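Structural features, examined
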Amino acid sequence: MAKNWAIAIGINEYNNLRSLRYAKRDAESMRDFFLEEVGFDKVFLFTEDSPKIAGAIPSQPSFANLRRFLRSNFEQPLLEAGDNLWFFFAGHGQRHNERDYLMPFDVDPGDIEHTAISVSYVSERLRRSGADNVILLLDACRNEGSRDGLGIGEERHTGIITISACSPKEVSWEIKELAQGAFTHSLLEALRIQGEGNCATVERLYQHLQYRVPEINRYYGKLRQTPYAIAEPATKLHLILLPRQATGNDIATLIKDALTAEVEDELELAEQLWIRVLAVSPANPEALKGYKRIIRKIYSRETTSSPIITNPSGSRSQTSSQKPVSPSGELSPKSEKGEALADKNPDSPNDLVAPMLHPYTQISTFPRDSLQIFQFDVITVDREGKETNRTTSKAEYFPENLGNGVTLEMVSIPGGTFMMGSPESEEGHLNYESPQHKVTVPPFFMGKYPVTQAQWRVVAGLPQVNRSLEPNPSHFKGDNLPVEQISWYDSEEFCARLSKSTGRNYRLPSESEWEYACRAGTTTPFHFGETITTDLANYNGNYVYGKEPKGIYRKSTTEVGSSGLANSFGLYDMHGNIWEWCADTWRGNYTNAPNDGSPWIDKNNINIRLLRGGSWYNYPRYCRS
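Because the structure is predicted, anything quoted here is derived from the model rather than measured.

Here six strands make up an open sheet; going across it, the order is β2-β1-β3-β7-β9-β12 and the pairing mixed. Among the strands making up the open sheet, the edge pair consists of β2 (42-46) and β12 (228-231). On average, adjacent strands in this sheet sit at an angle of 10° to one another, irrespective of strand direction. With seven bridges joining them, strand β3 (residues 84-90) and strand β7 (residues 133-139) adopt parallel strand pairing. Bridge assignment links Phe89 to a residue of β7, and that residue is Leu138.

Here the focus is the pattern of salt bridges. If you walk through the whole model with that rule in mind, you get 25 salt bridges. For Asp377, the salt bridge goes to Arg390, with nearest N and O atoms at 3.4 Å. One end of the pair, Asp377, is in strand β16 (residues 372-381); the other, Arg390, is in strand β17 (residues 387-403), with 13 residues separating them in the sequence. For Asp377, a relative accessible area of 26% corresponds to the partly exposed category. Judged by its relative accessible area of 43%, Arg390 is partly exposed. For Arg497, the salt bridge is made with Glu493, and the minimal N-O distance between the two is 2.7 Å. Note that Arg497 and Glu493 are positioned in helix α12 (residues 488-502) at a spacing of four residues, about one turn of the helix. The same class applies to Arg497 and to Glu493, which are both buried. Overlapping salt bridges bring together Glu511, Glu515, Arg519 and Arg612 as one network.

Chain-level pLDDT for the chain is 81 on average; 83% of the residues reach the 70-or-more range. Here residues 143-151 scores under 50 on pLDDT; set against residues more than four positions off or in separate chains, the count is 52 contacts. Here residues 322-365 scores under 50 on pLDDT; set against residues more than four positions off or in separate chains, the count is 240 contacts.

For the rest of this paragraph, the subject is the packing of helix α11 (residues 453-460) against α12. Packing of α11 against α12 leaves a shortest axis separation of 9 Å and a crossing angle of 65°. With respect to α12, the element α11 is oriented roughly perpendicular. For the element pair α11 and α12, the recorded crossing hand is left-handed. Contacts from Gln455, Trp456, Val459 and Ala460 of α11 reach α12 at Asp490, Phe494, Arg497 and Leu498. By residue class, the composition of the contact of α11 with α12 is five nonpolar, one polar and two charged.

Attention now goes to helix α13 (residues 511-519). Burial analysis of α13 places nine of its nine residues in the buried class, the great majority of the element. The complete set of buried residues in α13 reads Glu511, Ser512, Glu513, Trp514, Glu515, Tyr516, Ala517, Cys518 and Arg519. The positive-phi residue at the C-terminal boundary of α13 is Ala520, with phi of around 50°.

In this section: unusual backbone geometry. Going from Ser434 to Pro435, the amide bond is cis rather than trans, its omega being -10°. Locating Pro435 in the fold gives a position in the loop between β19 (416-420) and β20 (437-441). We note that Asp265 has phi near 65°; this positive angle belongs to a residue other than glycine. Relative to the assigned elements, Asp265 resides in the loop between α7 (248-263) and α8 (267-280). Relative accessible area serves as the criterion here: at 15%, Asp265 is assigned to the buried category.

At their nearest, the axes of helix α1 (residues 23-37) and helix α5 (residues 182-191) sit 10 Å apart, and the two run at 10° to each other. The angle between the axes of α1 and α5 places the two elements in the roughly parallel class. The segment α1 lies against α5, with Asp26, Ser29, Met30 and Phe33 engaging Thr184, Leu187, Leu188 and Leu191. Of the residues belonging to the contact of α1 with α5, the class tally is five nonpolar, two polar and one charged.

Mapped onto the fold, Ile161 is located in strand β9 (residues 160-164). When the C-alpha positions of Ile161 and Val202 are compared, they lie 8.1 Å apart, and in sequence the two are 41 residues distant.

As a further point, take the nonpolar core. Judged by nonpolar contacts, the single largest core of 73 residues is most densely connected at Ile7, Trp86, Phe87 and Leu126. In this structure, Trp86 is in contact with Trp5, Ala6, Ile7, Phe34, Phe40, Ile135, Leu137, Leu191, Leu241 and Leu242, ignoring residues within four places of it in sequence. Of all hydrophobic cores here, the second largest spans 50 residues; its members include Val277, Phe445, Ala454 and Leu481.

Here we take up the side chain of Asn567. You can see Asn567 is positioned in the loop between α13 and β23 (580-585). On the accessibility criterion, Asn567 (1% relative accessible area) is buried. Within the structure, Asn567 has its side chain in polar contact with the backbone oxygen of Ala517 (distance 2.9 Å). Other than its neighbours up to four places away in sequence, Asn567 contacts Phe376, Val378, Ala517, Cys518, Ala520, His527 and Met574.

Our next topic: the environment of Ile117. Mapped onto the elements, Ile117 comes out in strand β6 (residues 117-118). Between the C-alpha atoms of Ile117 and Ala64, which are 53 residues apart in sequence, the distance is 9.7 Å. Non-local contacts of Ile117, meaning those with residues more than four positions away in its chain, are made with Phe63, Leu66, Arg67, Asp100, Tyr101, Leu102, Pro104 and Val122.

Before going further, it helps to spend a moment on the pairing of strand β4 (residues 93-96). With four bridges connecting them, β4 and strand β5 (residues 99-102) associate as antiparallel partners. When the bridges of β5 are listed, Gly93 appears paired with Leu102. Counting the residues between successive antiparallel strands, the hairpin from β4 to β5 contains two residues, one of them, Asn97, with a positive phi of roughly 50°.

Conventions adopted
- Residues numbered from 1 in each chain as written.
- Predicted model: local features only at pLDDT ≥ 70, side-chain atom pairs only at ≥ 80, totals over all residues.
- Heavy atoms only, no water.
- Pairing = 2+ DSSP bridges.
- Helix = DSSP H or I, 4+ residues; strand = E, 2+ residues; numbered from the N terminus.
- Axes fitted to C-alpha atoms, helices over the stretch in contact; angles between N-to-C directions.
- Salt bridge = Lys/Arg side-chain N within 4 Å of Asp/Glu carboxyl O.
- Buried < 20%, exposed > 50% of the residue type's maximum accessible area, 1.4 Å probe, protein only.
- pLDDT = per-residue confidence, 0-100.
- Contact = heavy atoms within 4.5 Å.
- Parallel < 35°, antiparallel > 145°, perpendicular 65-115°, else oblique.
- Left-handed = near helix turned anticlockwise from the far one by under 90°.
- Nonpolar A, V, L, I, M, F, W, Y, C, P; charged D, E, K, R; others polar.
- Core = buried A, V, L, I, M, F, W, Y, C linked by side-chain atoms within 4.5 Å.
- Polar contact = N/O pair within 3.5 Å; in protein donor to acceptor, adjacent residues only side chain to side chain.

Next comes the structure, spelled out in structure tokens:
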């Protein structure tokens, strides 16, 4: 059965802002409703005088207490698909530098960025909970009998349902006669409605609030206040919030959404929707068949990655070295950068990471004065995806002649030192990407592009070293498309055959070599800057990372290098298009990781290997450096 958790925060007394009357009571009323009327499993209450959580965790809503609670309790998934996590906040809020902030009681109004909690941080932490239904209820625009925070609710948060107490440029009013905020009074009223007119879905709840809150304000002589909702994606408007109150029509609508998502090849979304149907109606035969069908499609549709040939050279994802990974990287629990997938079928194909040339062999066997020069464009974009800088750079490379008119271009990557992993402040950061640590990487060569199907076919025709190779394994066909449906062991065989044929030592990169090559001297989430767009990389453009507009969802791989844009090292397609294998085995974090660029191997876990870079199927957050 689906779990239901809630966090309820209400702040009356502020150190540096005008006090409120009923925010604390609103949070307590929500707590009581969740626990006593709809039987939630857990509710965490934060008010001036709320008791410690589990007898130990401070629950006064200060900046440190709230941020620590969100950070420490949602570092690892505690919930799972089908579960619900509600977040209710009543108090002051403010829009600052185009971001929404919630004000703890000790906020410094002159230093919002460092003493208030951004809504984006809240949503990012709650997404880690594992629940696929996260609902933010924000009554954070109260001012003079109302709640401060003009404009709260404008931000969009992928995968989150956000209902704000008022539209941008309005304020949210407290009603003395009700001893409650108008929004919270209407919210509880709506959630208690039974029968066909209930508000069990997001859409009906929002519709009720849109007419009821203004009605209450008119009756009590307050200015207009219109609740404002954002659901990303829009199908979340049909999700069922209160299963006990759901009707047959609610379930039928969800089934229709799931079928539509499947037809449109939105397999991740279809999977979530079928799970939601089963959470409400566990024995629904259509949902059971649909869910099984989606899982089969995901398993059958794995991806491959780009070639890396190095002489010493995420999103970070773990998978069995042999069983197919879904193109989204979501088979077992999830697969964001640093997250793991566990598979155990040694004969199934999986993604290929670019081959690497071992540094020492490469340096001693390839004369540096024989390298050729190529030019390429490098661009930087801001958080809105707008180009802010463009330069023309040069790099050295050598062409490896594979035969049959096919070559593999290997780019010289200079050695250097970088910070591996991502900071906790980065959107999409997970514990698997911590701690950040300094790594010194020797120079190496890496493939300019992901390994193509033409390159794979030639090498697959070379004499076998350890195992046979399928010459045409890919789902999407095209000589210049990246090869896919390749296992880690297949990619090792590819490198072994190439090494034997050329006399050079080709291998997969270590994870640190891959990340060093991808970042190419940058420290931003993507080597392009603060975000990416579908003009720069191939991923699911129906979803965004920063403030860039939505883009194209191509639903397939694209020809390598087709964007025409490289990173500063001269490498293409490091973000998206195809997942890329690394030599390392999976670990849950970077504690005690090597600092010399070498692969990190756990001999007791050799079948669980790493993928990096994301793919055409993934959300942009999966494609981070």
